[in-house]
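Below, each chain spelled out in residue letters.
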Amino acid sequence: MTTNKLGKERSPLGLWLDEHGVSQQFVGEKAGLSKNTMSNLCKKNGTPPTGTTISKIMNVLIQVDPRVRKEKLWPFLNGHRNPK
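In this text the structure is predicted, and so the values were computed from the model without any measurement.

**Notes on the pattern of salt bridges**
At step 1: For the structure on display, the rule yields two salt bridges.
At step 2: With a shortest N-O distance of 2.9 Å, Arg10 and Asp18 are connected by a salt bridge.
At step 3: Overall, Arg10 belongs to the buried group, its relative accessible area being 9%.
At step 4: Look at Asp18 and you get partly exposed, because its relative accessible area is 35%.
At step 5: One salt bridge in this structure joins Arg67 and Asp65, with 3.1 Å as the shortest N-O distance.
At step 6: Relative accessible area serves as the criterion here: at 67%, Arg67 is assigned to the exposed category.
At step 7: Overall, the relative accessible area of 9% leaves Asp65 in the buried class.

**Points about helix α2 (residues 24–31)**
At step 1: Among the residues of α2, Val27, Gly28 and Ala31 are the ones counted as buried. Down the axis of α2, the buried side of the element spans an arc of 100 degrees, and every buried residue falls inside it. Exposed side of α2, more than 90 degrees from the buried face: Gln25, Glu29 and Lys30 are the residues found there.
At step 2: In the core, the buried residues of α2 are packed alongside α1 (12–20), α3 (35–42) and α4 (51–64).
At step 3: After α2 finishes, the residue Gly32 shows a positive phi value of roughly 75 degrees.

**A word on the side chain of Ser11**
At step 1: On the secondary structure map, Ser11 appears in the segment before α1.
At step 2: Polar contacts involving the side chain of Ser11 include one to the main-chain carbonyl oxygen of Leu41, which spans 2.7 Å.
At step 3: Once you skip the residues sitting within four places of it in the chain, Ser11 turns out to touch Leu41, Cys42, Lys43 and Lys44.

**Remarks on the side chain of Thr53**
At step 1: Turning to its location among the elements, Thr53 is positioned in helix α4.
At step 2: Under the relative-accessibility criterion, Thr53 is labelled buried at 14%.
At step 3: Looking at Thr53, its side chain comes within polar contact range of the side chain of Thr50, at 3.0 Å.
At step 4: Ignoring any residue separated from it by four or fewer positions in sequence, one finds Thr53 in contact with Leu33 and Leu41.

Thresholds applied
Residues numbered from 1 in each chain as written. Predicted model: local features only at pLDDT ≥ 70, side-chain atom pairs only at ≥ 80, totals over all residues. Heavy atoms only, no water. Salt bridge = Lys/Arg side-chain N within 4 Å of Asp/Glu carboxyl O. Buried < 20%, exposed > 50% of the residue type's maximum accessible area, 1.4 Å probe, protein only. Helix = DSSP H or I, 4+ residues; strand = E, 2+ residues; numbered from the N terminus. Arc of directions from axis to C-beta. Contact = heavy atoms within 4.5 Å. Polar contact = N/O pair within 3.5 Å; in protein donor to acceptor, adjacent residues only side chain to side chain.

Here it is in structure tokens:
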């Protein structure tokens, strides 16, 4: 499933947040990222994040679930093409 309950197409990051009940706002504030950046990263075909942004987000998400893996949230890290 790539859509949330509101019917919005979501990226793997957006789906993970939805499944874990974590808001984009919470992660953005904790990671020091703007609302627009978080929104873009949670859209299905949003802009891929920089390495620094991935690190900031992962530092927050690991506090929620230590088992989270960045390769699951950003498949292009595994060498898969970015789905743009």
